[in-house]
Amino acid sequence: MQFYNRFCHSVIWILTCILVQLSGQDVDIQIDPEEINSVQSQMENQEVSEIEKYAGHFRLRINPEADSDRWHHRGWVDRGQWQLGYRLDKYAESENWEITRYAFNTTINSIQINIGHLRQELGQGLVFGNSFGKTKSSSQPFSVFSSQQKISYSLGAVIESPMIGLSVTAPFFNMSHTGIVSSCGNEKIFSYTSIKNTPNTKVGIVASGKVNDGSLVKKSSSVFFIMDSPSGSLSGEYAHDGQHGSTVLNFYQKNSNLRWGVHYRYYPIGWSQIFGEPYSVLHGGSNETSLMGIIRYRYRETIFTSWLELFRELENENGYPVDRGRDWMIRIGTPVVASGTLSFQVREKEHRTVQDFIMNGLVREVQSRLTRTQVMLTWTSSSPAWKVQWQKLLLKPEIDQNESGQLLAIYSPEIKMNNLKVKTGTMIFSSDSWNSRLYTWSPGLNGEFRFPVFYETGIEIFSKWNYELTTQTNVSFRHSYTWKNDTNLRANNILFQFESTF
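Residues numbered from 1 in each chain as written. Predicted model: local features only at pLDDT ≥ 70, side-chain atom pairs only at ≥ 80, totals over all residues. Heavy atoms only, no water.

Chemist: Would you take a moment to explain the overall build of the protein chain for this structure?
Modeler: Across its full length, the protein chain carries two helices and 28 strands. The buried share of the protein chain, taken over its 502 residues, is 46%. Partitioning the contacts of the protein chain with sequence separation of at least 6, the portion at a separation of at least 24 is 52%. Carbon and sulfur atoms provide 56% of the accessible area of the protein chain, an area that totals close to 25000 Å². (Helix = DSSP H or I, 4+ residues; strand = E, 2+ residues; numbered from the N terminus. Buried < 20%, exposed > 50% of the residue type's maximum accessible area, 1.4 Å probe, protein only. Contact = heavy atoms within 4.5 Å. Areas by Shrake-Rupley, 256 points an atom, 1.4 Å probe, with all protein chains shown as cover.)

Chemist: Sorry, what's going on with the pattern of salt bridges here?
Modeler: Side chains that carry opposite charge are capable of pairing whenever their charged atoms lie near each other. In this structure the tally under the stated criterion is ten salt bridges. Note that Lys 210 and Glu 187 form a salt bridge whose closest N and O atoms lie 3.6 Å from each other. On the criterion of sequence distance, the pair formed by Lys 210 in strand β10 (residues 201-212) and Glu 187 in strand β9 (residues 187-197) is long-range, its members being 23 residues apart. Glu 350 serves as the salt-bridge partner of Arg 326, at 3.3 Å between the closest nitrogen and oxygen. With Arg 326 in strand β17 (residues 324-336) and Glu 350 in strand β18 (residues 340-359), this residue pair connects regions lying 24 residues apart in the sequence. Residues Arg 326 and Glu 350 agree in their burial class; the two are buried. A network of salt bridges, in which partner residues are shared, links Arg 265, Glu 288 and Glu 309. (Salt bridge = Lys/Arg side-chain N within 4 Å of Asp/Glu carboxyl O.)

Chemist: When you look at a nonpolar patch on the surface in this model, what are you seeing that I'm missing?
Modeler: A contiguous nonpolar surface patch, about 870 Å² in accessible area, is contributed by Met 227, Leu 234, Phe 251, Trp 260, Val 262, Ile 295, Tyr 297, Tyr 299, Phe 304, Ile 330 and Ile 332. Of all elements in the fold, only β14 (258-267), β15 (288-299) and β17 reach the threshold of two or more residues within the nonpolar patch. It is β15 that contributes the most residues to the nonpolar patch, three residues altogether. Leu 234 sits in the partly exposed class, given a relative accessible area of 32%. (Patch = residues over 30% accessible without salt bridge, like charges linked within 9 Å, V, L, I, M, F, W, Y side chains within 5 Å.)

Chemist: Can you help me understand the nonpolar core in this one?
Modeler: Nonpolar side chains tend toward joint burial in soluble globular proteins. Counting residues in each nonpolar core, the largest one holds 19 residues, and the members touching the most others are Leu 122, Leu 126, Val 127, Phe 128, Met 163, Ile 189 and Val 206. Looking at this core, the elements that each hand over two or more residues are β5 (111-123), β8 (175-184) and β9. Counting residues in hydrophobic clusters, the runner-up holds twelve residues, among them Val 144, Met 292, Trp 307 and Phe 311. (Core = buried A, V, L, I, M, F, W, Y, C linked by side-chain atoms within 4.5 Å.)

Chemist: Can you help me understand the side chain of Glu 460 in this one?
Modeler: The topology assignment puts Glu 460 in strand β26 (residues 457-470). Within the structure, the side chain of Glu 460 is placed 3.0 Å from the side chain of Thr 482, a separation counted as a polar contact. Sequence-distant contacts of Glu 460, that is, excluding residues within four places in its chain, are made with Gly 425, Thr 426, Met 427, Phe 429, Ser 442, Arg 450, Phe 454, Ser 480, Tyr 481 and Thr 482. (Polar contact = N/O pair within 3.5 Å; in protein donor to acceptor, adjacent residues only side chain to side chain.)

Chemist: How should I be thinking about the environment of Pro 321 in this particular structure?
Modeler: Among the structural elements, Pro 321 can be located in the loop between β16 (302-312) and β17. The exposure class assigned to Pro 321 is exposed, which follows from its relative accessible area of 53%. On a C-alpha basis, the gap between Pro 321 and Arg 352 in space is 9.2 Å, while along the polypeptide they are 31 residues apart. Contact partners of Pro 321, with chain neighbours within four places excluded, come to Glu 313, Asn 316 and Gln 367.

Spelled out as structure tokens, the structure:
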């Protein structure tokens, strides 16, 4: 009954928010640039899937000019009944390599065993989530709706404290059962998961606990489900930790030309996950509720994509009015006859932020509205495949001066000369400060997902070279040169990599 009442109150609040939007009143949102780490996590998962097609993989990457970037070495061997992987990293100023990831996987009589660094993603991530969180992007807007049932090893980038331990998965009574015993920093994590699969339905339960110094500091349980059909899906998760209940619901509908979906979430105050995060905007998976709609429509060769997300925090701990906001995006992609494709995108976020306000020599903190509007125009030629992207950012604070930033990125086609492939590009950028910074994708080496930040005024020129020694062995090289007028900065960045699959 308590959950039902909370759900009804949330629905009433959501309807009220929609009426407020239609009446033209101000709304507010926590500003956050594109969720770069989330995109990187998705791309890492895709790369792992490609590597697993081979019996083995070896990579050595060296960045001799960097003081903070790690040197990187990773290996993976698949012998059918067992797989073994490891990752070594080293700072340029350090003399020693560090074992940052290791994993062993084997299957014995239908029982799967993982030892080492683990990745557990279940349901909507209310108990165990992707450690980077999810993201919504114009290219993959429905990724927010995805429901994960994944327990495997982890050899990904070293970003946060990992789970290290043992997982055992076994089939009994037409269900999949998994137990995990692991550690994360100074905390011990225990969990049990049971999943029932049918042709169109998947239902799972999770019971987990976190122990620190012998004391139980966190316990959570959840039920997650996904019901699939050729025309759509319904998925969700409800989790409880003994004091709070957290909910995510997704509905997704599709046909040949139209796809749309609705996402609802409720993360109470004080909610926290055992590991990782679910999708969130404000507080990393707590003190937040939201409703979001996404639509993608195809008319002939033109694709229209849009979303609107309305959300708010449940309580502001600093005594200000609750943070409530809106994030909307519209993107139109269409072919240009005989010359390529063209896309136009507008995204706007609004929020209230705390700023210093100076009056008569006195400084006091006030909460004011901040609007961030970004326009993006992308053109890609058909052949050869040139790509040009222009971004414009407008930052409008309520009590301070407006700021802006612009970025022009030009990517050349990939040039092939026997076994050599070369790709080049140029980024020209200008922004008023770090606050009006811009991000864009920059081609990296295999396994290197580059989303550099550009601010102040300058230019970056890069090139990527890849030479195939054999069909499964290659040597690659990337160089970038950055110059900034504001700080008279000149920087070279060089990266070498040797990679082999077998």
